[in-house]
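A structural walkthrough
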Amino acid sequence: MDRVSAFDEPLKKLLGGATAKVMAEHLDLHTVGDLLHHYPRRYEERGRLTALADLPLDEHVTVVAQVADARVLTFNNGRGKRLEVTLTDGHGRLQLVFFGHGVHKPHKELLPGRRAMFAGKVSVFNRKMQLAHPTYQLLDATDADEATEAVDAFAGRLLPIYPACKQLDSWRIAKAVDTVLPSAQEAVDPLPPALREGRGFAPLPEALLKVHRPQTKADIAEARDRLKWDEAFVLQVALARRRYADTQLPAVARRPTPGGLLDAFDARLPFTLTEGQQKVSREIFDDLATEHPMHRLLQGEVGSGKTMVALRAMLGVVDAGGQAAMLAPTEVLAQQHHRSITEMMGELAEGGMLGGSEQGTKVVLLTGSMGVAARRQALLDLVTGEAGIVIGTHALIEDKVQFHDLGLVVVDEQHRFGVEQRDALRSKGKQPPHLLVMTATPIPRTVAMTVFGDLETSVLDQLPAGRSPIASHVVPAKDKPHFLSRAWERVREEAENGHQAYVVCPRIGDDAEDEAAGKKTKKKAPEDDGDKRPPLAVLEIAEQLTKGPLAGLRIEVLHGRMNPDDKDDVMRRFAAGDVDVLVATTVIEVGVNVPNATAMVIMDADRFGVSQLHQLRGRVGRGSAPGLCLLVSEAHEASPARARLSAVAATLDGFELSRIDLEQRREGDVLGQAQSGVRSSLRMLTVIDDEEVIAAAREEAVAIVAADPELGQLPELRTALDALLDKEREQYLDKG
């Protein structure tokens, strides 16, 4: 058998069709290699019982515990039987229930004093944690043969507990791993020998053996160190090759003309750029002046002036004879950008029009809901080159849209844009255009290196002068209802002082949404203390406030299902100060700029993620008056949801919050759907904890790719890359 094929062997050949089918469908494991890279989540020490007190609700768990008590109860006048077994580990207790015909076998086997491994989904019944119909495996069987078998099955003192599913519990996965473990000897080692020896890593076959069947805790640590490195290194090599390939692509160098549009714009600015803005602008202009495409990620706190930096880059490209396109995730935001950019540019945005400036250019908006005539004119301005700047939603990507000479693409709020969309816009240029990606969700350095590893990163971390601090407080509506009354009084005080406020709710509250939202929220908020009330809705809250605590104030609603003209009308009146309180969904989360809005009340704040709360809060305190953000929640004081809210209230540092967010959510969500190929390849590496590993792997990867871009000298590394980047993943990275 050649060296690659042992790992590529389909599981059904070795494990049988039924097991292989469950592994493929529920665990995404198809080959011997997939199973060998399905590492244990943790290890139980024989003789040490799992802490039953810490079991997570609604999760599939494996516990090792002792039977304290077992009794059969009858119900339905003796027609039904139920077996209740109580387990203990000396700290906590857990109830098992078996019904009907499933009672006989466990009733005979699960006698007080017996120890076993149990697997099932944790639920709550009568305020007690329970597993209904768990599968189990006795660990101290009375029969000698059985005992030997049980011990063999969990050989060694450390029992590996695998990520499992309802259809296949951990010890069945362990048995399957035993079957394929001999193939570990065939593992192709992706690390170049010099690197492996230099860092003192175990060979890959040995690491696989030790991670699955460790004899000691030192074995586990050694295996993990090695396997983490593999993941980080192979991923960083893929990204380094992407970056290298980009430097080989041709692009038109775009250098601003002295005395041109950019200089005219700078001369009109009523303020000076912050040091940060100047530094980041220099990095961007240096990139634009080269003959391969810029790929830069611009991160900045909410309100740090990213739009200004991006606009100057766009003007520089227009100066150099090209066109610039800015892609926004929603129509509201595209319109907002268009409005603020034309305001900032003044007569410079009216090129070719009466009263426009000689040096000016046309700034057009292109969205899906535009009228036919306006749309036709915008398309014409783009193809002739009359419009130097276009701002739009993904309507910009449609086939009909053609540019005269697209030189720069600015993508706002990257995490809302599919990589395919970014790619489609890129293909509109005669040569690949330069690319600037902006995000207001600060990304910890490790995530940036892993997810956006093909982009150079610039960070804006100072707020421009004149931005006010925002005070944030948690309002515990359930425990202290008078706090909520006080919150509405504060909103009224702000309005009476001539300021405005936002009230944000998780839901719209119209019929179309109710059913879907009901299903979604149940899943989403496991911390609800069993409280299944639907999240608060814009339409209901607006009505309550109008009749109750905010009676007499001018209250309007805004949400995504409104007709675009109505949305725009409400936003315009709010911006003009004709509305006191805007009750909205998260449509206001990005880009809405109303300096006179000083207060925000977020209802059911525990239903939002940390980054989202930070984004929302950034909508207030944009003027000279201080901002106030009140996070209203009914979550229990000791719950993780409340801890999250307290963290948001305690700091305005987005980078700090993004770390907290990441620690709580782990990488699953962070690496996001758009990078799903990469995401599914991270089995051992945790992006937030392994910063040193990722940074070191990146350094090694860059050096290796610089010396040998095609990896001709490293066939094993090529094989590992091909496995990571099967066709679909290759495309993800290509588009990323």
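Before reading on, note that the structure itself is shown above.
Keep in mind that what you see is a predicted model, and the values were worked out from it rather than measured.

Comments concerning the packing of helix α14 (residues 331-345) against helix α21 (residues 564-575)
Two elements in contact, α14 and α21, have axes whose closest approach is 11 Å; the angle formed by their N-to-C orientations is 50 degrees. Classified by the angle their axes make, α14 and α21 are oblique. The crossing of α14 and α21 is right-handed. In contact with Glu331, Val332, Gln335 and Arg339 of α14, α21 contributes Pro564, Lys567, Asp568 and Arg572. Partitioned by chemical class, the residues of the contact of α14 with α21 number 2 nonpolar, 1 polar and 5 charged.

Comments concerning unusual backbone geometry
The backbone of His133 sits at a positive phi, close to 45 degrees, despite the residue not being glycine. By the secondary structure assignment, His133 is in the loop between β6 (128-132) and β7 (135-138). Its identity as a non-glycine residue notwithstanding, Asp604 has a phi of 50 degrees, on the positive side. For Asp604, the position within the fold is in the loop between β20 (597-602) and α22 (610-617). The class of Asp604 is buried, set by a relative accessible area of 3%.

Considerations on helix α28 (residues 715-724)
Turning to α28, its buried residues number three or more, namely Leu717, Ala720, Leu721 and Leu724. When α28 is viewed along its axis, its buried side chains cluster within an angular range of 100 degrees and face the same direction.

Side note on the pairing of strand β4 (residues 93-99)
The buried count for β4 comes to 5 of 7 residues, which makes it a mostly enclosed element. Pairing of strand β3 (residues 80-88) with β4, which is carried by 7 bridges, proceeds in the antiparallel orientation. In the sheet register, Thr88 faces β4, and the bridge partner there is Arg93. Hairpin connection of β3 to β4: 4 residues between the antiparallel strands, including Gly90 at a positive phi of 90 degrees. Bridge count for β4 against β6 is 3 bridges, and the pairing is parallel. The residue bridging Gln95 from the neighbouring strand is Gln130, located in β6.

Observations concerning the packing of aromatic side chains
Across all of its chains, the model carries 5 aromatic pairs by this definition. The interplanar angle of 55 degrees and the centroid separation of 5.0 Å between the aromatic rings of Tyr502 and Phe574 together place this pair among those described as tilted. Here Tyr502 is found in strand β17 (residues 500-504), whereas its partner Phe574 is found in helix α21, with 72 residues between them in sequence. Grouped by ring-pair contacts, the aromatic residues Phe98, Phe118 and Tyr136 constitute a single cluster.

Focus on the environment of Leu652
Inspection of the secondary structure assignment puts Leu652 in the loop between α23 (640-650) and α24 (654-665). A relative accessible area of 39% means that Leu652 is categorised as partly exposed. Beyond its immediate stretch of four places on either side in the chain, Leu652 contacts Glu301, Ile470, His614 and Arg617.

Thoughts on the sheet that holds strand β12 (residues 387-392)
Read across the open sheet, the 7 strands follow the order β11-β12-β10-β13-β14-β9-β15; overall the sheet is parallel. Each end of this open sheet is capped by a strand with a single partner; those strands are β11 (362-366) and β15 (456-460). Strand after strand, the sheet turns through a mean of 20 degrees between neighbouring axes, direction not considered. In terms of strand pairing, strand β9 (residues 295-300) meets strand β14 (residues 434-439) through 5 bridges, oriented parallel. For Leu297, the partnering residue across the bridge sits in β14 and is Val437. Sheet strands touched by helix α12 (residues 275-288): β9, β13 (406-412), β14 and β15. Its angle to β15, the strand with the most contacts, is close to 160 degrees.

Structural notes on the sheet that holds strand β19 (residues 581-584)
Strand-to-strand pairing in sheets goes through backbone hydrogen bonds, with the strands running parallel or antiparallel. Strands sit in the order β16-β21-β20-β17-β19-β18 across an open sheet of 6 strands; the sheet is parallel. Two strands close off the open sheet at either side, each with one partner strand: β16 (470-476) and β18 (555-558). Neighbour-to-neighbour, the strand axes of this sheet turn through a mean angle of 20 degrees, independent of strand direction. Packed on one face of the sheet, α23 meets β16 and β21 (627-633) and runs near 160 degrees to β16.

Let's talk about the packing of helix α9 (residues 204-212) against helix α10 (residues 217-248)
Contact geometry of α9 with α10 gives a least axis separation of 8 Å together with a crossing angle of 125 degrees. With respect to α10, the axis of α9 lies oblique. Along this stretch, α9 crosses α10, giving a crossing that reads as left-handed. In contact with Leu204, Glu206, Ala207, Leu208, Lys210 and Val211 of α9, α10 contributes Asp219, Glu222, Ala223, Arg226, Leu227 and Asp230. Looking at the contact of α9 with α10 residue by residue, the classes come out as 6 nonpolar, no polar and 6 charged.

With respect to the side chain of Arg196
Along the chain, Arg196 turns up in helix α8 (residues 193-198). Of the polar contacts made by the side chain of Arg196, one reaches the side chain of Asp189; its length is 3.3 Å. In this structure, Arg196 is in contact with Asp189, Leu191, Phe201, Ala202, Pro203 and Arg226, ignoring residues within four places of it in sequence.

Let's talk about the side chain of His38
Along the chain, the position of His38 falls in the loop between α4 (32-36) and β1 (42-45). Among the polar contacts made by the side chain of His38, one reaches the main-chain carbonyl oxygen of Pro163 at a distance of 2.9 Å. The contacts of His38, once residues within four sequence positions are left out, are Leu27, Leu29, Tyr162, Pro163, Ile173, His212 and Arg683.

Notes on helix α11 (residues 261-268)
If you check which residues of α11 are buried, you get Leu261, Leu262, Ala264 and Phe265. One side of α11 carries all its buried residues, which in axial view fall inside an arc of 160 degrees. Buried-residue contacts for α11 involve α12, α13 (306-319) and α14.

Remarks on the nonpolar core
Core analysis: the biggest nonpolar cluster contains 39 residues, and Met345, Ile389 and Leu408 have the highest contact counts within it. Top element by residues in this core is α13. It accounts for 9 residues. Residues Tyr162, Leu168, Val180 and Met684 belong to the second largest nonpolar core, which totals 33 residues.

A closer look at the pattern of salt bridges
Inspection of every chain in the model, using the stated rule, returns 34 salt bridges. For Arg213, the salt bridge identified is with Asp178, shortest N-O distance 2.8 Å. With Arg213 in the loop between α9 and α10 and Asp178 in helix α7 (residues 170-180), this pair connects stretches of sequence that are 35 residues apart. Note that Asp219 and Lys210 form a salt bridge whose closest N and O atoms lie 3.9 Å from each other. Note on Asp219: relative accessible area 13%, which makes it buried. Beyond isolated ion pairs, a larger network of salt bridges with shared partners links Arg486, Glu489, Arg490, Glu493 and Glu494.

Focus: the environment of Ile704
Turning to its location among the elements, Ile704 is positioned in helix α27 (residues 691-707). Relative accessible area serves as the criterion here: at 15%, Ile704 is assigned to the buried category. With 512 residues separating them in the primary sequence, Ile704 and Pro192 have C-alpha atoms 9.4 Å apart. Contact partners of Ile704, with chain neighbours within four places excluded, come to Pro192, Leu195, Phe233, Leu711, Leu714 and Leu717.

Cut-offs and rules
Residues numbered from 1 in each chain as written. Predicted model: local features only at pLDDT ≥ 70, side-chain atom pairs only at ≥ 80, totals over all residues. Heavy atoms only, no water. Axes fitted to C-alpha atoms, helices over the stretch in contact; angles between N-to-C directions. Helix = DSSP H or I, 4+ residues; strand = E, 2+ residues; numbered from the N terminus. Parallel < 35°, antiparallel > 145°, perpendicular 65-115°, else oblique. Left-handed = near helix turned anticlockwise from the far one by under 90°. Contact = heavy atoms within 4.5 Å. Nonpolar A, V, L, I, M, F, W, Y, C, P; charged D, E, K, R; others polar. Buried < 20%, exposed > 50% of the residue type's maximum accessible area, 1.4 Å probe, protein only. Arc of directions from axis to C-beta. Pairing = 2+ DSSP bridges. Phe/Tyr/Trp six-rings, centres within 6.5 Å; stacked < 30°, edge-to-face > 60°. Polar contact = N/O pair within 3.5 Å; in protein donor to acceptor, adjacent residues only side chain to side chain. Core = buried A, V, L, I, M, F, W, Y, C linked by side-chain atoms within 4.5 Å. Salt bridge = Lys/Arg side-chain N within 4 Å of Asp/Glu carboxyl O.

Function-wise, these values are silent; they only describe arrangement.
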